[in-house]
Amino acid sequence: MKKILLIVIDALATRVVQPALEQGQLPHLEKLTQQGLFCPECTSIFPSITPAATCSIATGAYPFEHGISGAYWYDRGKDEVAYFGSDLSAIMNEGMAQYLNDFQIKLNMERLCVPTIFEQIEQHGALSDAVINYMWYRGTVTHETTTPLLLNLTPGLELASSMQGPHTMFLGDFVSTSLYGTVPAARGGLPRRFGFHDEATSDYLLALSEQNCLPDFTLAYFPNNDFESHEKGPVNAVGTLQAVDETLGALIDSQGGITAFLEEFAILITGDHSQSDLDSSSGVDLDDVLQEFSVVEAGKAWSNSEELMVCPNMRSAQIYLRPGIWERRRDVINNLLKCPDIDQVIWCDDDHGLNGSQQPAFHVVTSDRGQLVFKPADETAAKAVDCYGTSWQWEGELQTVDAHHNTSTGILEYETYPNAFERIATCFSEQTGNIWVTARLGKEFCLPNLKCNPAGSHGSLHVLDSTAPLIAAGLPAGYDLPESVRITDITPVCLQLLGVEPPRQPGASAIKNPLPQRD
């Protein structure tokens, strides 16, 4: 059995990678595609935003299963805001100590509702694993932490003394497993986001390889492409991908070249989502759009007077309504539809979505393409099935999600909004807002009085936000990936390659085969 190396490059976009490969800008990735395969469409979840999407990669689960509702949501059970963005005002409203402790411990140990790939591997007993700079790391091994000096000097800030992760764990400047008694050197500190940076990921990954310490499964995360794509635009961030490509070249060389490397390893490289380009004036302030309602201040929990809570997730946003306001939801929806920068308004008629006791219906309304109501169906009521075998019924306009029913095959097909029915249906849970909205291309939902990202963004159902490539090489002869691969298929594929039975098969319907939640 080969060792498995999973590389996740944040915001890896097919529309950037494919021409870069053709132009010879990514020579080591090109060699891997020549020795393996290049899948141009590995579809993200909705919302296509890093905390939720990276969670789906690391668990094989959708948000209704894993409980992570984006980067910014309201936790009804705990009556608190969960915020994992970078807007300082929202962080300060939540509280810096709570923000960091939530990121360090609660996110993995309390908020995450299904097992990680590490827990599933470690349950096997005979396999070893490693994580490098990935925000989803929960495992069975206790690791001591260190607190960077600058954070030690922050008044009132006390971080946890240990964290539970896989056998080998490198998380920035906070957790470093020693190799043969020595902790590998890695570039970190404040200029490199305390080690959550491509250079640190590269240092740790190459140290594992050069010291012959790569375990049966390694997940390494390169975050910089997302930051650069936000700042410069996805196409202009190709230099960041070239740096990752150089690291892959050094890794392959350290293993004796491409032939020797692929004899010992199977490698998968993908992204959690992609990014679309923003207009020069991209910001959409939903507080302004909903000004006739009282809205909770960003990052704060409910008080007695507010009617709505708005949680922007870049090019999507979720809106929570007080129960009395939900009865007037048409007023909220109509206000949203008056905004020319809003693409879709989406809601479910069950507060718990697919986790509820009734069969839910999902609604999509647009200002220019009509409205649609759809739900999963049994075979007798189905109008069509999707490529994953889920049967669906609907009333209204399929063009709200740019879908069409191929009557010759019976398959429901999508263009602009890939896998829209499954992605919408699996985003709703008891944690999510009553309403989701998506932005038109070029636009992004922003917090009041704060600038949006300068050049690139993501979060919506749109194909430009949602399509990463999957590069795979060294797969066993006869092993086939799903024809229409999703980021939720990555963990099941890796588990199969390791000889571990996944809880849901690659390519299987998440609607027909939901994952059990952890106790």
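Residues numbered from 1 in each chain as written. Predicted model: local features only at pLDDT ≥ 70, side-chain atom pairs only at ≥ 80, totals over all residues. Heavy atoms only, no water.

S.K.: Explain the nonpolar core here, please?
M.R.: Note on soluble globular proteins: their nonpolar side chains tend to be buried together. Leu6, Tyr134, Trp136, Phe217 and Leu268 are the most contacted members of the largest nonpolar core, which totals 69 residues. Ignoring sequence-local partners within four residues, the contact set of Leu6 consists of Ile57, Phe217, Thr218, Leu219, Ala220, Leu268, Ile490 and Cys494. Counting residues in hydrophobic clusters, the runner-up holds 38 residues, among them Ala20, Leu21, Leu206 and Phe265. (Core = buried A, V, L, I, M, F, W, Y, C linked by side-chain atoms within 4.5 Å. Buried < 20%, exposed > 50% of the residue type's maximum accessible area, 1.4 Å probe, protein only. Contact = heavy atoms within 4.5 Å.)

S.K.: What is the right way to read the pattern of salt bridges from this model?
M.R.: Close approach of charged atoms allows side chains of opposite charge to pair. As enumerated under the stated definition, the model contains 21 salt bridges in all. For Glu80, the salt bridge is made with Arg111, and the minimal N-O distance between the two is 2.8 Å. Within this pair, whereas Glu80 is found in strand E4 (residues 80-83), its partner Arg111 is found in helix H6 (residues 96-111), the two being separated by 31 residues in sequence. Comparing Glu80 with Arg111, the two get one shared label, buried. A salt bridge links Lys232 to Glu228; the shortest N-O distance between them is 3.0 Å. Residue Lys232 and its partner Glu228 are both found in helix H10 (residues 224-232); the two are separated by four residues, about one turn of the helix. On the accessibility criterion, Lys232 (44% relative accessible area) is partly exposed. Taken together, the shared-partner salt bridges in this structure form one network comprising Asp75, Glu80, Lys106 and Arg111. (Salt bridge = Lys/Arg side-chain N within 4 Å of Asp/Glu carboxyl O. Helix = DSSP H or I, 4+ residues; strand = E, 2+ residues; numbered from the N terminus.)

S.K.: Whenever I open this one, the environment of Ile333 confuses me. Can you help?
M.R.: Looking at where Ile333 falls in the secondary structure, it is placed in helix H15 (residues 329-337). Spatially, the C-alpha atom of Ile333 lies 31 Å from that of Ile487, the residues being 154 residues apart in sequence.

S.K.: So what exactly am I meant to see when it comes to H10 here?
M.R.: Residues three or four positions apart in an α-helix share a direction because the helix packs 3.6 residues into each turn. Along H10, the residues that are buried comprise Asn224, Asn225, Asp226, Ser229 and His230. Buried residues along H10 sit in contact with strand E1 (3-9), helix H3 (50-59), helix H9 (198-210), strand E10 (217-222), helix H11 (238-254) and strand E24 (456-457). Trailing H10 by a residue or two, Gly233 shows a phi angle of about 100°, which is positive.

S.K.: What should I look at first to understand the pairing of strand E20 (residues 403-406) in this one?
M.R.: The side chains of a regular strand alternate between both faces of the sheet. As judged from the four bridges shared by E20 and strand E21 (residues 411-414), these two strands associate in the antiparallel manner. Paired with Asn406 across the bridge in E21 is Ile411. Here E20 folds back onto E21, and the loop between the two strands holds four residues, one of which, Gly410, carries a positive phi near 80°. (Pairing = 2+ DSSP bridges.)

S.K.: So what exactly am I meant to see when it comes to the state of the cysteines here?
M.R.: Among covalent bonds in proteins, the disulfide is the one between the sulfur atoms of two cysteines. One pass over the structure, following the stated rule, counts one disulfide. What pairs with Cys446 in a disulfide is Cys452, and their sulfur atoms sit 1.4 Å apart. Between Cys446 and Cys452 the disulfide shows an S-S torsion of about 110°. By sign, it is right-handed. Like Cys446, the residue Cys452 is buried in the burial classification. With no disulfide of its own, Cys42 lies closest to Cys39 among cysteine sulfurs, the gap being 7.7 Å. Not part of a disulfide, Cys494 finds its nearest cysteine sulfur in Cys42, a span of 11 Å. (Disulfide = S-S within 2.5 Å.)

S.K.: I keep staring at helix H2 (residues 27-35) and nothing clicks. Help me out?
M.R.: Those residues of H2 not exposed but buried are Leu29, Leu32 and Thr33. Here the buried residues of H2 occupy an arc of 100° about the axis, which is enough to place them on one side. Exposed side of H2, more than 90 degrees from the buried face: Gln34 and Gln35 are the residues found there. On its buried side, H2 packs onto helix H1 (14-22), strand E2 (37-43), H11, helix H12 (258-264), strand E11 (265-270) and strand E25 (467-473). (Arc of directions from axis to C-beta.)

S.K.: Got a minute to help me understand the side chain of Thr366 in this structure?
M.R.: Relative to the helices and strands, Thr366 resides in the loop between strand E16 (362-365) and strand E17 (371-376). There is a polar contact of 2.7 Å between the side chain of Thr366 and the backbone nitrogen of Arg369. Within polar-contact distance, the side chain of Thr366 engages the backbone oxygen of Gly370 at 2.9 Å. Apart from the residues lying within four places of it in its own chain, the contact partners of Thr366 are Leu337, Asp343, Gln344 and Thr400. (Polar contact = N/O pair within 3.5 Å; in protein donor to acceptor, adjacent residues only side chain to side chain.)

S.K.: In this structure, what is going on with the packing of aromatic side chains? I would like to understand it.
M.R.: Aromatic rings in a pair are described by how distant their centres are and how their planes are angled relative to each other. For the structure on display, the rule yields 16 aromatic pairs. Ring plane angle 35° and centroid distance 6.0 Å describe the contact between Phe362 and Phe428, whose orientation is recorded as tilted. With a gap of 66 residues between them, Phe362 in strand E16 and Phe428 in the loop between helix H16 (420-425) and strand E22 (435-439) connect regions that are remote in the sequence. Phe428 matches Phe362 in its accessibility class, with the two residues each being buried. In textbook terms, an aromatic cluster arises when at least three aromatic residues are bridged by ring pairs, as seen for Phe362, Phe374, Trp392, Trp394, Tyr414, Phe421 and Phe428. Looking at Arg329, its charged tip hangs above the ring of Trp326, at a distance of 4.4 Å from the centre. The ring centre of Tyr388 lies 3.9 Å from the NZ or CZ of Arg486, which sits over that ring. (Phe/Tyr/Trp six-rings, centres within 6.5 Å; stacked < 30°, edge-to-face > 60°. Lys NZ or Arg CZ within 6 Å of the ring centre and 35° of its normal.)

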